[in-house]
Amino acid sequence: MSIDAPLVARERKAGQFVIVQCDDDYAERIPLTIADADPEKGSLTLIFQTVGASTHKLALKEPGDEIVLLGPLGNPTHIGNFGWAVCVGGGIGLAPLYPIAKALKAAGNRVTVISGARTAELLIMQDELNAIVDKNIVVTDDGTAGLKALVTGPLGELCRENPPPDIVVTLGPPIMMKFCAETTRPFGVKTLASLNTIMIDGTGMCGGCRVSVGGETKFVCVDGPEFDAHLVDWTQMMSRLGAYKPREKIDHDRCHLEIAAETQGGRA
Amino acid sequence: MSHADSPELAGTELEKLRSAPLSNKARMAIPAQDMPCQKPEVRRGNMGEVAEGYGKEQATLEAERCLQCRNAPCIAGCPVKVDIPGFIDRIKKNDFLGAAAVIKRTNLLPSICGRVCPQEKQCQLPCTVGKALGGVEKAVQIGRLERFVADYERESGQLSAPAAGSSTGRKVAVVGAGPAGLTCAVDVRREGHRVTIFEAFHKAGGVMVYGIPEFRLPKALVASEAGVLESMGVEYEMNFLVGRTRRLSSLLSEDGYDAVFVGTGAGLPKFMDIPGENLVGVFSANEYLTRTNLMKAYNAAKAATPLYPSRRVAVLGGGNVAMDSARMALRLGAEEVRVLYRRTRDEMPARAEEVVHAMEEGVIFDFLTSPTRVMGDDSGRVAALEVLSYSLGEPDESGRRRPIAIRGSEKVFPFDTIIVAVGNESNPLISKTTPELKVDRWGHILVDEKQKTSIERVYAGGDIVLGAATVILAMGEGRRAAAAINEVIQ
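Rules of the game
- Counting restarts for each chain, with residues numbered from 1 along the sequence as it is written.
- Working convention: letters from A go to chains and numbers from 1 go to ligands, in the order in which they are written.
- At least 70 in pLDDT is required for a residue's local features to be given in this predicted model, at least 80 for side-chain atom pairs to be given and counted, and no such filter applies to totals for whole chains, interfaces and linings, which use all residues.
- The basis for the side-chain values is all heavy atoms of the structure; hydrogens and waters are excluded.
- By the criteria applied, helices consist of DSSP H or I runs no shorter than four residues and strands consist of E runs no shorter than two, each listed in order from the N terminus.
- Radius of gyration: over C-alpha atoms. The globule rule applied is 2.2 Å multiplied by the number of residues raised to the 0.38 power.
- Exposure is judged per residue with a 1.4 Å probe applied to protein chains only, and the accessible area is read against the type maximum: over 50% gives exposed, under 20% gives buried, and values in between give partly exposed.
- The contact criterion used throughout is that any non-hydrogen atoms of two residues lie within 4.5 Å.
- All accessibility values rest on the Shrake-Rupley procedure with a 1.4 Å probe; residue burial counts only the protein chains present in the view.
- Take the buried Ala, Val, Leu, Ile, Met, Phe, Trp, Tyr and Cys residues and link them wherever side-chain atoms come within 4.5 Å; each set so joined is a nonpolar core.
- Confidence of the predictor at the level of single residues is given by pLDDT, which spans 0 to 100.
- One fewer than the residue count of a helix, multiplied by 1.5 Å, yields its expected span.
- Under the rule applied, a polar contact is a pair of N or O atoms within 3.5 Å (in protein, one hydrogen donor and one hydrogen acceptor; residues adjacent in sequence only if both atoms are side-chain atoms).
- For two strands to pair, DSSP has to find at least two bridges joining them.
- Note on geometry: axes are C-alpha line fits, over the in-contact stretch for helices, and angles between N-to-C directions span 0 to 180 degrees.

1. Observations concerning the overall build of chain B
- On a plain count of helices and strands, chain B comes out with 20 helices and 16 strands.
- Rg of the C-alpha trace for chain B: 23 Å, near the compact-globule value of 23 Å for 490 residues, within the 12% margin.
- When its C-alpha atoms are laid out on the principal axes, chain B stretches across 70 × 60 × 50 Å.
- The buried share of chain B, taken over its 490 residues, is 60%.
- Counted over contacts in chain B with a minimum sequence separation of 6, partners at least 24 positions apart contribute 70%.
- Just so you have it, chain B exposes about 19100 Å², and 52% of that area is on carbon and sulfur atoms.

Here's what the structure looks like:
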């Protein structure tokens, strides 16, 4: 989705996110990562997966519609010349991984990307990534594209090289990021994970996004979204993400019914 | 309940009183008027406003209790120096719109202040009538009168906006549309400067829309008062986070603002620093209230923002925010709501009326009690709270008696939801992206007596300076900053 937001497009840096709302009345605030921005055109590219009622409604927006958007939020990724950087993206996480890989490459790093998805048709951003990185290793759960493997397979192999990667950045489903952290931990490779937790304001007020990092409570919106993946309490983070699962399921089912009713009504 | 609950009764009494000029003794013989309220068992099941406000007769009767003291100790007790005897005198003369105009000379948000100010600690504390009758609860009910006048004006459809002065060509940025920012914006706009308010949320009002619940402060009322600013020509930039969308320094150096007021409000919520606080089901009061108020989660049929299903709720803290959270939890269907406070009722910082209302509604108070850890179930959700009993020792720096833990008094109670209402840290966004801005060790912006920060032409006020304070104190700071800004950029 491309959104006209000139100020955000100008200010945003790799690693930052925005909060969007379908309307300013009863809609929910959804944190979404930024896949790309064009400061000259003043536009932002957001890539999201329709996982619940609110993202479904967002997906139904048409060109010219307005939405509420706040950003850019969170701290930008710390970009430096580390040497060899490995960027691991899973599913929709490949979208925000792209600007980070691009910035790391521009800073002089050798950049290897591991692109993971359930199946070939969910593999996104491949042309963009192939155009900028040194190597792109593709894996899918079902083997329909690249290797039939999990991202942790090639990640482990890269860590066994001598010398190992200087930095690993991982973006994707929490369970994937957790296992990336477990894969790199024995090798002592510094690993950053970008967290997408439940949040409301996204500006450091509600505290809903808090996570334990190294035993300390941190707020994803103002202290993150990137943290040392070896220090994040993944079990707690994942249980917090599931806080509203039962209600989300009900809303999602209701949303499908509403959409079905509307589209059928439209045809009649 | 006072005997003058019904307007008719108030009316007859008033006629009787008016038959002759009143002596001070006669004025003091009139009992303080209670405000009619929704019955506790009814209101705990709805979001409607708890207090229904005075009618004309009851307001006039209450106004007759004012002695019109020459030294007006009440004005000295008001952070924005409302001419209290002046507006009460207009009420006595049935000139309610005139009374509103007197208040609005110094306070543009009277319907809000009348509802949420801690009057018993401000204007009503030094009231001569209360002093003479031996109790602040017997003081002239200034807050209720203010509310009456403001509501009368709004309902009359003759809501007046202060006039903006002729254009000066100067422009001022106000960061945050809460009570400090709105007040500052009005006073700067009156001088004829252009004013833009930058607000991170999608609605104006700050804590008055995300924090204070509908049942205590109707949101339509906040919207109407924020709308008055628009009619004065104040511009709003919503969904704009200064510090991220645009830096503070860029507003001054590139966007041509002559001065900036920072009123960004409360920041990161404080927690108790006890084990288990990140379990699912532990909420900051900020989150709990924002979900229900600003995001309207109480309306489950319409709102997309979900609510956590709560049956047994513990609220930690003894301030207004704790009262709001507890009473909201009841309204959302919790079976039992307990407020845990480590001191006693006398030391509670909450507004007296809110504590009474909470008790009437069925909130249970566990005084001299503080939690030691939150216990979870196998799925990481809250299951119970371990608490410790306290006794009160000698007074501490705050003048309140220090709570002392009683060793070995640990007990465990089942809860599924914990709401932590023990205050806020400061929001780090602006200070982090503006290194020259000096802050104290808690991150609150340091200001001088004119609210000026360490940066020229940058002023600050409200919770970002004070820590967790009140709407009216924030307004007082916004007003002081506006005066300084008007002086500097004229």
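2. Some thoughts on the overall build of chain A
- Assigned secondary structure in chain A consists of 9 helices and 15 strands.
- The C-alpha radius of gyration computed for chain A amounts to 19 Å, which stays within 12% of the reference 18 Å derived for 268 residues, consistent with globular compactness.
- Its C-alpha atoms give chain A principal-axis dimensions of about 65 × 40 × 40 Å.
- Put simply, chain A has 268 residues, and 54% of those count as buried.
- Taking the contacts inside chain A whose residues are at least 6 apart along the sequence as the reference set, 66% of them involve residues at least 24 apart.

3. Side note on the nonpolar core
- Judged by nonpolar contacts, the single largest core of 80 residues is most densely connected at Phe87 and Ile197 of chain B.
- A per-element tally of this core places helix α20 (residues 471-489) of chain B first, with 9 residues.
- With 53 residues, the next largest nonpolar core counts Leu73, Val168 and Ala181 of chain A together with Leu316 of chain B among its residues.

4. Considering the confidence of the model for chain B
All names here are of chain B.
- Here chain B averages 92 in pLDDT, and 96% of its residues register 70 or above.
- Counting interchain partners and residues more than four positions distant, the pLDDT-below-50 stretch residues 1-6 has 13 contacts.
- Two numbers describe this predicted complex: its pTM, 0.91, and its ipTM, 0.89.

5. Things to note about unusual backbone geometry
- With omega at 0 degrees, the peptide bond leading from Asn162 of chain A into Pro163 of chain A counts as cis.
- Its place among the elements puts Pro163 of chain A in the loop between α5 (152-160) and β11 (167-171).
- The omega torsion of the bond from Gly224 of chain A to Pro225 of chain A falls at 10 degrees, within 30 degrees of zero and hence cis.
- By secondary structure assignment, the location of Pro225 of chain A is in the loop between α7 (220-223) and β15 (226-228).
- In the Ramachandran plot, Ala72 of chain B falls in the positive-phi region, its phi being about 40 degrees despite a non-glycine side chain.
- Within the fold, Ala72 of chain B resides in the loop between α4 (56-63) and α5 (73-76).
- With relative accessibility at 10%, the residue Ala72 of chain B sits in the buried group.
- Phi is positive for Lys81 of chain B, which is not a glycine, with a value near 55 degrees.

6. A few points about the side chain of His444 of chain B
- As for its placement among the helices and strands, His444 of chain B is situated in the loop between α18 (429-433) and β16 (458-460).
- Excluding its chain neighbours within four sequence positions, the residues that come into contact with His444 of chain B are Glu425, Ser426, Lys438, Val439, Asp463, Ile464, Val465 and Gly467 of chain B.

7. Considering α20 of chain B
- Given a rise of 1.5 Å per residue, 19 residues ought to cover 27 Å, and the 27 Å separating the end C-alpha atoms of α20 of chain B matches this to within 8%.
- Burial runs high along α20 of chain B: 14 of the 19 residues are buried.

8. Considerations on helix α7 (residues 96-104) of chain B
All names here are of chain B.
- The buried fraction of α7 is high, at 7 of 9 residues.
- For α7, the complete set of buried residues consists of Phe96, Gly98, Ala99, Ala100, Val102, Ile103 and Lys104.
- One side-chain oxygen of the residue at the start of α7 lies 2.8 Å from the amide nitrogen of Gly98, identifying that residue as Asp95.

9. Description of the sheet that holds strand β6 (residues 282-284) of chain B
Residues and elements named next belong to chain B.
- Taken together, 5 strands build an open sheet; the order of strands is β6-β14-β7-β8-β9 and the sheet is parallel. Since the sheet does not close on itself, it has two edges, and those belong to β6 and β9 (364-367), each with one partner. When the angles between neighbouring strand axes are averaged without regard to direction, this sheet yields 20 degrees.
- Judged from the 5 bridges that link them, strand β7 (residues 312-316) and strand β8 (residues 336-341) form a sheet pairing that is parallel. Bridging from a neighbouring strand, Val315 pairs with Val339 of β8.
- Contacts from helix α16 (residues 320-331) reach β7, β8, β9 and β14 (417-420), with the element oriented near 165 degrees to β8.

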